[in-house]
Amino acid sequence: MKKSLVSVAAVMSVVFLLTACGGKTTSSTTTTGASSSPASSANAASAIDTTSKDLTVYTALEDDQIKTYLTTFKAKYPDVKINIVRDSTGIVTAKLLAEKDSPQADVVWGLAATSLLVLDQNTMLEPYSPKGVDRILPDFKDKNAVTHWVGIDAWETAFIVNKVEMEKRKLAIPQSYEDLIKPEYKGLITMPNPSASGTGFLTVSGLLQLKGKDQAWDFLNKLNENIAMYSLSGSKPAKSAGTGEYPIGISFGYRGIQEKKAGSPVEVVFPKEGSGWDVEANALMKKKTIKQVAKDFLDWAITDDVMKEYNKNYAILAIKTDSTKIPEGYSVDPVKQLIKNDLNDAAKNRDSVLAEWDKRFNAKSEPKK
């Protein structure tokens with residue numbers, strides 16, 4: 001990933017202009033050889049299981065997305081049993097790291113690129129270039145000749161605000177990060193715990209890159225005064241805003257738009273200073289035996305059919321396509337809304353940022369289940 005979002009914005013701006021806008025599995029038989037994908041020659045020495053039809057997939061994708069996304073995979077590979085292990089980004093990342101010496105997942109699908117970079121720093125990813133990887137925009141994939149991870153879309157910080165509850169309190173709808181620290185919002189805000197949630201981490205990491213270290217922590221101290229609770233899920237603040245339990249939720253655009261479509265009286269606000277963001281990405285886990293069906297899954301995960309499904313939820317895709325659309329509900333240019341962001345730097349500093357955040361603010365976190 002390049003050091004700055006400038007190149008991302010430049011490339012994707014062109015795209016939008018052009019487009020008018022869990023158990024461990026085992027197998028009894030293995031063979032040795034490379035995948036049919038010519039770009040995956042780095043796997044030539046790996047044991048490849050061509051017989052197993054059992055696939056364990058770790059993911060942080062939203063529950064209501066997974067079933068729809070998998071429709072075309074199941075149509076093409078009806079005999080494959082998919083074991084989905086789903087949780088929030090931080091929990092999936094922690095689980096993968098804990099299983100480093102005995103990995104249970106075959107593939108990771110839709111996990112934050114910053115988390116995959118951490119896994120890669122721990123030599124936990126098997127290099128593999130899925131079929132069609134050349135279509136993925138350069139800033140949405142690993143830079144190695146044989147990719148270690150490949151992105152599918154990007155998601156960003158948004159405020160989900162209950163208009164009815166705000167009107168009851170005669171309060172204005174916040175439009176910026178700075179608005180959130182106004183005293184009138186005390187006790188009305190929830191946001192995700194960055195140790196558990198990718199949305200929480202991209203928001204905190206984004207603020208650090210936007211404001212600089214000292215000013216960002218000072219801001220987060222002030223924001224903490226207005227926080228009622230830090231949730232373990234990136235989507236829960238949006239849901240809480242939808243019900244009115246806590247009328248302001250720091251969440252992400254897709255979930256707020258879904259709340260609005262479902263009839264909740266919410267407004268989706270993208271902060272005027274710019275949104276923190278990350279890339280949802282896929283990778284092959286390093287194991288003694290690599291399943292061919294795992295590679296097949298990663299090939300499928302960047303096909304046109306499933307990209308169309310991703311695009312129903314996310315405005316920024318990892319591929320250039322004439323059919324890319326900005327989903328209904330995005331009131332701003334999604335590319336221009338994103339801050340300058342160094343994902344490699346975010347991954348490198350992830351542990352220290354989370355340790356500092358936990359020390360300062362974890363007392364207000366939702367209890368772990």
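Residues numbered from 1 in each chain as written. Predicted model: local features only at pLDDT ≥ 70, side-chain atom pairs only at ≥ 80, totals over all residues. Heavy atoms only, no water.

**A short note on the overall build of the chain**
Here is the rule we go by: Counting from the N terminus, the helices are DSSP H or I runs at least four residues long and the strands are E runs at least two residues long. Each residue is placed in one exposure class: buried if its accessible area under a 1.4 Å probe, protein chains only, is under 20% of its type's maximum, exposed if it is over 50%, and partly exposed if it falls in between.
From N to C terminus, the chain includes 15 helices and 14 strands. Within the chain, the fraction of its 369 residues that count as buried is 59%.

**Considering the pattern of salt bridges**
To be explicit about the condition: Criterion for a salt bridge: a side-chain nitrogen of Lys or Arg within 4 Å of a carboxyl oxygen of Asp or Glu.
The tally for this structure, following the rule as stated, stands at 19 salt bridges. The salt bridge involving lysine 186 is made with glutamate 225; its shortest N-O contact spans 3.9 Å. Of this pair, lysine 186 sits in the loop between helix 7 (177-180) and strand 8 (189-192) while glutamate 225 sits in helix 9 (residues 213-226), and the two are 39 residues apart along the sequence. A salt bridge links glutamate 356 to lysine 359; the nearest nitrogen and oxygen atoms lie 3.3 Å apart. Taken as a pair, glutamate 356 and lysine 359 lie in helix 15 (residues 350-361) at a separation of three residues, close to a single helical turn. Take lysine 359: its relative accessible area is 64%, and that puts it in the exposed class. One salt-bridge network, held together by shared partners, links Glu62, Asp64, Arg86 and Arg255.

**Considering the environment of threonine 147**
Operational definition: By definition, residues are in contact when any of their heavy atoms lie within 4.5 Å.
Counting through the fold element by element, threonine 147 comes out in the loop between strand 6 (125-126) and strand 7 (150-162). Leave out the neighbours within four places in its chain, and threonine 147 touches Pro127, Tyr128, Ser129, Pro130, Val133, Lys141 and Asp142.

**A word on the packing of helix 4 (residues 89-98) against helix 5 (residues 113-121)**
Filter applied, for reference: Note on geometry: axes are C-alpha line fits, over the in-contact stretch for helices, and angles between N-to-C directions span 0 to 180 degrees. For this classification, under 35 degrees means roughly parallel, over 145 means roughly antiparallel, 65 to 115 means roughly perpendicular, and everything else is oblique. Throughout, the ten residues Ala, Val, Leu, Ile, Met, Phe, Trp, Tyr, Cys and Pro are labelled nonpolar, Asp, Glu, Lys and Arg are labelled charged, and all others, Gly among them, are labelled polar.
It is at 10 Å that the axes of helix 4 and helix 5 come closest, and there the two elements cross at 10°. With respect to their mutual orientation, helix 4 and helix 5 come out roughly parallel. Across the interface between the two elements, Thr89, Thr93, Leu96 and Leu97 from helix 4 touch Ser115, Val118 and Leu119 from helix 5. Residue composition of the contact of helix 4 with helix 5, by class: four nonpolar, three polar and no charged.

**What to know about the pairing of strand 5 (residues 107-112)**
Under the convention used in this document: By definition, two strands form a pair when at least two bridges between them are found by DSSP.
Most of strand 5 sits inside the fold, with six of its six residues counted as buried. As defined by bridge partners, strand 3 (residues 54-59) adjoins strand 5 across three bridges and the pair is classed as parallel. Across the sheet, the residue bridging to valine 57 is valine 107, located in strand 5. Across four bridges, the pairing between strand 5 and strand 12 (residues 277-285) is antiparallel. Note on strand 12: the bridge partner recorded for valine 107 is leucine 284.

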